[in-house]
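Breakdown of the fold
Single-letter residue listing:
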Amino acid sequence: MSRLRTFITARRTSWIVLVAAFLAAGAIFAAGSGNEEGALPGIGLPDSAESAQAAAAAEDLPGADSTVALLVYTRDGADLTDDDIAAITSATASLSDLSAEGFVPPASFSDDGTTALVTVPLDTLSEAGEQAERADEIRTEANADLPSGLSALLSGPEGFAVDIAAVFEGADFTLLITTVIVVAVLLLVTYRSPWLWLVPLIVVGTADGLAGIVAARVATLAGIQLDASVTGILSVLVFGAGTNYALLLIARYRDELRLEEDRREAMSRALRGAGPAIIASGSTVVLALLTLVFAELQGNRALGIACATGVVIAMIFALVVLPAALVLFGRGLFWPYIPKFGTEGSAERGVWHKLGVLVSKKPVAVAILGAIVLGALSLGVPQIKIGLSQTESFTQVPEAVQGQELIADAFPAGSGSPASVIVNSDYTEEAAQAAEGVDGVDAVRIGESTDTITQISVVLDDAAETEGSFAAIEALRAELSTIDGADALVGGLDAQALDVQRAQQHDQDLVIPLILGLVFIVLVLLLRSLVAPILLLLTVLASFFASLGASWLLFQSVFGFPAIDTNVVLFSFLFLVALGVDYNIFLVTRAREEAVEHGTRQGMIRALSSTGGVITSAGILLAAVFAVLGVLPLITLTQIGIIVCIGVLLDTLLVRTVIVPSLAFMLGEKFWWPGRVISVGAEVRTPKRAAAEHVREHAPSHSEDHAPKHAEGDHSPKHSIDA
């Protein structure tokens, strides 16, 4: 590893690292991702799911490649007039040219006379752009020459597909621009330098661009297509994690510049000190993400593969490209707060040092108070409701949702999304009669058929994706399963949503224990302890439940969200546990390093003094980056962003700042049990480093804020950019 550090930082070879990185990045950008543009979020149910089996069986029916658009005509609740009915009839006829069957069935009118429903048969299109163009044509034709006050809304399967695609149209660009702005502002505030922030931003931005391409290629090898929701989360994660690693490395580099006159030697030592923590934390995140490959839902597997690939790339750029880029510049890169050789950093006598001393005096009281705060925030967890329907999935109500709500009010609530039952054709009548007798079923209609199978359309009483519709699906499945030989399969929107909910619960029950186990193993190997990993894991779990409870209170009181989406808990847990452990790794590995010479108590205080500022900055930055997910009008991403944002802030400002140190102070050397913190030999010190330490020990304390603008040795010719 020493040779690798030297190769990355040495004057003659650091250029090679940057040139090689530039050429590799150019080749990857030129090759592209191979991902289809406009890919829509898929369902990704396993083949064993009954709704997936029903959909597969329906592919043999004559109308297998068809879908429908539902046009809802309304006068804002007023009765339709004779002129309205005539206009609707005329519009229905004009829509025939867009229909897959060359005609459109007559409109259905609600019993109260306020709403008309027109079903337009369509061919299935897989490309989002083509769908959007056809939807615009349908809307234009349906609303042409209507009487004043009468309007047509596009809903149904086609309407929802188009509106979901519109949510993700330009999503990557919006997220990227917003994320870059947030990261740039926070880096500028953190470093208070007019140009230092540019180096990590450019390096991490390049890593993000490469991550999107490489992740898509890796996912393709696994037979998975990435959609915009996955690539959006990927970009946020790479920027957040990559910038965190950069902050940690640069902070350690700044410290070493005070002890080493040669900046390249200082960077080598910074890599030696910060590298293991970055590798350990990044590996923890990668392993946690890879647990998703065992998930049933393809969307979960896609997220795991893509994000794990992205974090690996972020680590490589933070540990290889960023050091090589930083050492190209002299100490002036830190201007106006230049770390002068032989001086002492303000952090060692600053607020974090004082906080560490304060916590060490009353660790039991601090730990109890922290537990009370986390427990109080967790009180909302038992009240959480899980599951959002299609009509509840948007922060802004799209046209398809408005239309669906009108259908539910004026017609049987399930009219817009009937269940699709596939049965053996010899048992069609028997299955239809059985379905009519099921509670929650409003109407049954026999549809398309082949020599072997028949499709039966079942309209439910309750609106789509509600508890009532799910209960009706379960009852329908139970009743039809009693007909021997019918081989009945119940599919459709409600059945699919129910199967997704069950698969998500399966994934959650499987993946969460795997994540906890892997994180625990990584911590044990890293810290060579059992007590510390258990305590760190418990604190991260406590902050997760606290963030979940606090977020639920916000969702209910501020945002008005009716529930949390099915995948939000799993994704939030994954990101919070993996990323939350990162900060504990940064702190505790530094504490162990300091404890070798100073003991656990002083080691923790010194570690908090050294890492407090950078970890807090990293946590605030990561929280802000995840909050950027809220710019998209999709509740799922907004909820993930808010939960992770609150959790990271809790973990950064409360758990890592006071609770973990208080536990270490309470246990003392037992914190590292069964291992021991022992000296492994004196660190090899250069004469200049020893002199710098001597100066720091005997000179009056002063901070970098009062250091000269140009550090000693960097303003003379012999200490030029290549020194």
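In the block above lies the structure referred to throughout.
Quick summary incoming for the structure in this document. Values in this document were obtained by computation on a predicted structure and should not be read as measured data.

**Some points on empty space enclosed by the protein**
By the definition in use, this model includes 1 cavity of 30 Å³ or more. Roughly 40 Å³ of volume is contained in the largest cavity. Lining the largest cavity, in full, are Val 203, Val 204, Ala 207, Gly 242, Ala 246, Ala 314, Phe 317, Ala 318 and Leu 322. Broken down by secondary-structure element, the contributors of at least two residues to the lining of the largest cavity are helix H8 (198-221), helix H9 (228-257) and helix H11 (298-326). For the lining of the largest cavity, the leading source of residues is H11, giving 4 residues. When grouped by side-chain class, the residues that make up the lining of the largest cavity number 8 nonpolar, 1 polar and no charged.

**Section: the pairing of strand S4 (residues 151-155)**
Counting buried positions along S4 yields 4 of 5 residues, so the element is predominantly enclosed. Pairing analysis gives 5 bridges linking strand S1 (residues 66-74) to S4, with the strands arranged antiparallel. In the strand pairing of S4, Leu 71 is matched with Leu 154.

**Some points on the packing of aromatic side chains**
What characterises a pair of aromatic rings is the spacing of the ring centres plus the angle enclosed by the ring planes. Scanning the model with the defined rule gives 10 aromatic pairs in all. Feature note: the residues Phe 544, Phe 545 and Phe 573 constitute an aromatic cluster, connected by ring pairs. The cationic tip of Arg 192 hangs over the ring face of Tyr 337; the distance from NZ or CZ to the ring centre is 4.2 Å. Seen from the ring of Trp 352, Arg 656 lies directly overhead, with NZ or CZ sitting 5.6 Å from the centre.

Quick notes on the rules
- Just so you know, the residues in each chain are numbered from 1, in the order the chain's sequence is written.
- The predicted nature of this model means local features are confined to residues of pLDDT at least 70 and side-chain atom pairs, given and counted, to a pLDDT of 80 or more, with totals for whole chains, interfaces and linings taken over all residues.
- Calculation of side-chain values draws on the structure's entire complement of heavy atoms; hydrogens and water are dropped beforehand.
- Here a cavity is any set of points on a 1 Å grid over the protein atoms alone where a 1.4 Å probe fits but cannot get out, and a pocket is any open set with protein on both sides within 12 Å along at least 5 of 7 lines; a residue lines the site when it has an atom within 4 Å of a point.
- Grid points are joined across faces, edges and corners, and a volume is the space filled by probe spheres set on the points.
- We count a stretch as a helix when DSSP gives it H or I for four or more residues in a row; a strand needs E for two or more, and each element gets its number in order from the N terminus.
- Charged means Asp, Glu, Lys or Arg here, nonpolar means Ala, Val, Leu, Ile, Met, Phe, Trp, Tyr, Cys or Pro, and polar covers whatever is left, Gly included.
- Under the scheme applied here, a residue whose accessible area is under 20% of the maximum for its type counts as buried, over 50% as exposed, and between as partly exposed, the area being computed with a 1.4 Å probe on protein chains only.
- Strand pairing is assigned whenever DSSP detects at least two bridges linking the two strands.
- The aromatic pairing rule takes the rings of Phe, Tyr and Trp, using the six-membered ring of Trp, and pairs them if the centres are within 6.5 Å, calling planes under 30 degrees apart stacked, those over 60 edge-to-face and the rest tilted.
- Should the NZ of a Lys or the CZ of an Arg lie within 6 Å of a ring centre and within 35 degrees of the ring normal, that charge is described as sitting over the ring.

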